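# Structural overview for review
Next come the chains, spelled out residue by residue.
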Amino acid sequence: MDKNIRILIVDDFSTMRRIVKNLLNDLGFFNTAEADDGGSALVELRKGPFDLVITDWNMPGMPGIDLLKAIRADAALAKIPVLMVTAEAKREQIIEAAQAGVNGYVIKPFTAATLGDKLGKVFERIGAAA
Amino acid sequence: MSALPATDAAGTSGTEAYGVPGDRHAAIACLHAALEALEADDESAWRANVDELIHWRTQPLVQGLVKLARELEQAFGGDIAPGNGGSLPEACARLEHVVHISEQSSHHTLDLIEDCRVLLGTLPDAAVEEQSATIAAIRSRLSEMTAAQGYQDLTGQIIRRVVALVQAVHVGLGGYAVDDQPLQLPSHGHGPSLAGIDTPATTQDDANRLLSSLGL
């Protein structure tokens with residue numbers, strides 16, 4: 001796995017952005033950028049390029065599910081894997097995210113091991129698709 | 001005609017009179033007056049009597065709302081000085097402050113965890129296998145400590161939902177008895193599930209099963 005891939009972390013809570021960033025660092029990924037909602041994430045993504053988006057769902061402004069849909073609807077961004085990391089844990093929400101094309105779903109609170117495991121699965125699929 | 005409770009034929013006091021059988025005489029008098037006005041084609045007297053009946057009937061609801069607002073303000077520790085409608089916004093500010101101090105505290109903990117990682121990195125390469133295993137175990141626990149700081153995000157989301165509710169109550173009371181629409185909370189999701197209040201949250205295992213059934 002290329003540890004230099006560029007990852008966008010999207011969450012309205014600065015604590016959670018830092019947690020995800022630090023856990024990525026622990027796994028050897030240092031090339032990260034941050035955004036605090038879907039709207040600012042799209043601005044960053046269009047400046048691009050990014051190889052992975054890790055996003056929260058519940059954010060003021062554009063929520064993560066709309067960001068996911070916007071990414072899948074934009075030809076230039078559509079192929080970027082998206083990992084949802086969220087406290088939104090209703091069955092219908094997970095189905096909605098899956099139908100919108102999410103690549104992984106981590107429910108908060110999560111452990112470092114769970115995040116590492118889910119990232120590994122996303123990377124496996126990127127590797128398999130490449 | 002003067003206010004119904006004050007002219008209550010049964011002689012009950014004003015506050016007790018609302019809606020109790022004791023002032024049915026007053027209600028009967030008011031209805032008779034309304035009927036007489038209608039028969040006499042006296043539009044203004046008819047309206048005045050009907051309005052008075054409506055006012056009399058809705059007074060307990062209005063009083064209940066005012067009482068609810070005061071109880072909410074007291075529950076949040078606000079002052080109930082007359083004309084001071086600022087304690088609900090103040091309650092929101094208190095809750096926002098809780099989010100802020102827990103955020104600061106979380107960042108401080110994350111600072112210390114990062115320091116520990118740097119300190120571990122300054123140790124000379126471990127010659128003994130057990131020692132490097134211990135260092136790896138400490139690193140793994142530091143990662144879990146980092147993830148555990150996520151409580152700040154979860155509690156913060158719950159507190160912000162309560163803030164939105166209190167703000168909606170505050171705005172709703174500003175136009176009481178005029179706007180009978182239910183309070184609307186702006187939301188982009190449900191937030192963390194609370195045991196005993198919300199339907200139980202999907203666990204990561206449930207989510208994994210669901211995701212694999214969806215081909216993920």
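Attention here is on the structure that accompanies the text. No experiment lies behind these values; they were computed from the predicted model shown. (Residues numbered from 1 in each chain as written. Chains lettered and ligands numbered in written order. Predicted model: local features only at pLDDT ≥ 70, side-chain atom pairs only at ≥ 80, totals over all residues.)

## Let's talk about the interface of chain B and chain A
Contacts between the two partners involve 30 residues from chain B and, on the opposite side, 30 residues from chain A. Elements with a minimum of two residues in the side of chain B that touches chain A: α4 (87-121), α5 (129-148), α6 (151-174) and α7 (204-213) of chain B. Here the side of chain B that touches chain A takes 6 residues from α6(B), the largest share from any one element. Taken together, the residues that form the side of chain B that touches chain A break down as 11 nonpolar, 16 polar and 3 charged. (Contact = placed C-beta atoms within 7 Å. Helix = DSSP H or I, 4+ residues; strand = E, 2+ residues; numbered from the N terminus. Nonpolar A, V, L, I, M, F, W, Y, C, P; charged D, E, K, R; others polar.)

## Considerations on helix α2 (residues 24-39) of chain B
Residue and element names in this part refer to chain B. For α2, built from 16 residues, the straight-helix expectation of 22 Å at 1.5 Å per residue is met to within 8% by its first-to-last C-alpha distance of 22 Å. Within α2, the full set of buried residues consists of Ala-26, Cys-30 and Ala-34. Relative to the axis of α2, the buried residues are bounded by an arc of 75° and lie together on one face. More than 90 degrees from the buried face of α2, the exposed residues found are Arg-24, Ile-28, His-32, Leu-35 and Glu-39. Asp-41 sits one or two positions beyond α2 and adopts a positive phi of about 60°. (Expected span 1.5 Å × (residues − 1). Buried ≥ 20, exposed ≤ 12 C-beta atoms within 10 Å, placed from the backbone. Arc of directions from axis to C-beta.)

## With respect to the sheet that holds strand β1 (residues 7-10) of chain A
All names here are of chain A. Pairing in this open sheet of 5 strands is parallel, and the strands run β2-β1-β3-β4-β5 from one edge to the other. For this open sheet the edge positions go to β2 (32-35) and β5 (104-107), each flanked by a neighbour on one side alone. Strand-to-strand, the axes of this sheet are offset by a mean angle of 20°, without reference to chain direction. One ladder, built from 4 bridges, connects β1 with β2; its direction is parallel. Counted as the bridge partner of Val-10 is Ala-35 from β2. (Pairing = 2+ DSSP bridges. Axes fitted to C-alpha atoms, helices over the stretch in contact; angles between N-to-C directions.)

## Thoughts on the pairing of strand β3 (residues 52-55) of chain A
All names here are of chain A. Side chains Leu-52 and Ile-54 project from β3 onto one buried face, and the interleaved Val-53 and Thr-55 project onto a second face that is buried too. Bridge count between β1 and β3: 4 bridges; the pairing is parallel. Each residue of the ladder has a partner; that of Ile-7, found in β3, is Leu-52. Bridge analysis of β3 against strand β4 (residues 82-86) gives 3 bridges, and the strand direction is parallel.

## A closer look at the packing of helix α1 (residues 14-26) of chain A against α5(B)
Following both chains from N to C, one finds α1(A) and α5(B) inclined at 165°, their axes separated by 9 Å at the closest point. For the element pair α1(A) / α5(B), the angle class is roughly antiparallel. The crossing of α1(A) and α5(B) is left-handed. Between α1(A) and α5(B), the contacting residues are A:Ile19, A:Asn22, A:Leu23 and A:Asp26 on the first element and B:Ser143, B:Thr146 and B:Ala147 on the second. The class makeup of the residues in the contact of α1(A) with α5(B) is 3 nonpolar, 3 polar and 1 charged. (Parallel < 35°, antiparallel > 145°, perpendicular 65-115°, else oblique. Left-handed = near helix turned anticlockwise from the far one by under 90°.)

## Some thoughts on the packing of helix α2 (residues 38-47) of chain A against helix α3 (residues 64-73) of chain A
All names here are of chain A. Taken N-terminus to C-terminus, the directions of α2 and α3 make an angle of 30°; their axes are 9 Å apart at the nearest point. The angle between the axes of α2 and α3 places the two elements in the roughly parallel class. Relative to α3, α2 is oriented so that their crossing is right-handed. Between α2, through Gly-38, Ala-41, Leu-42 and Leu-45, and α3, the contact on the second element is made entirely by Gly-64, Asp-66, Leu-67, Ala-70 and Ile-71. Each residue belonging to the contact of α2 with α3 can be placed in one class, and the counts come to 6 nonpolar, 2 polar and 1 charged.

## Description of the nonpolar core
Taken as a class, soluble globular proteins show a tendency for nonpolar side chains to be buried jointly. One finds A:Leu8, A:Val53, A:Ile54 and A:Met84 to be the most contacted residues of the largest nonpolar core, which totals 44 residues. The greatest single-element share of this core, amounting to 5 residues, is contributed by α1(A). (Core = buried A, V, L, I, M, F, W, Y, C linked by C-beta atoms within 7 Å.)

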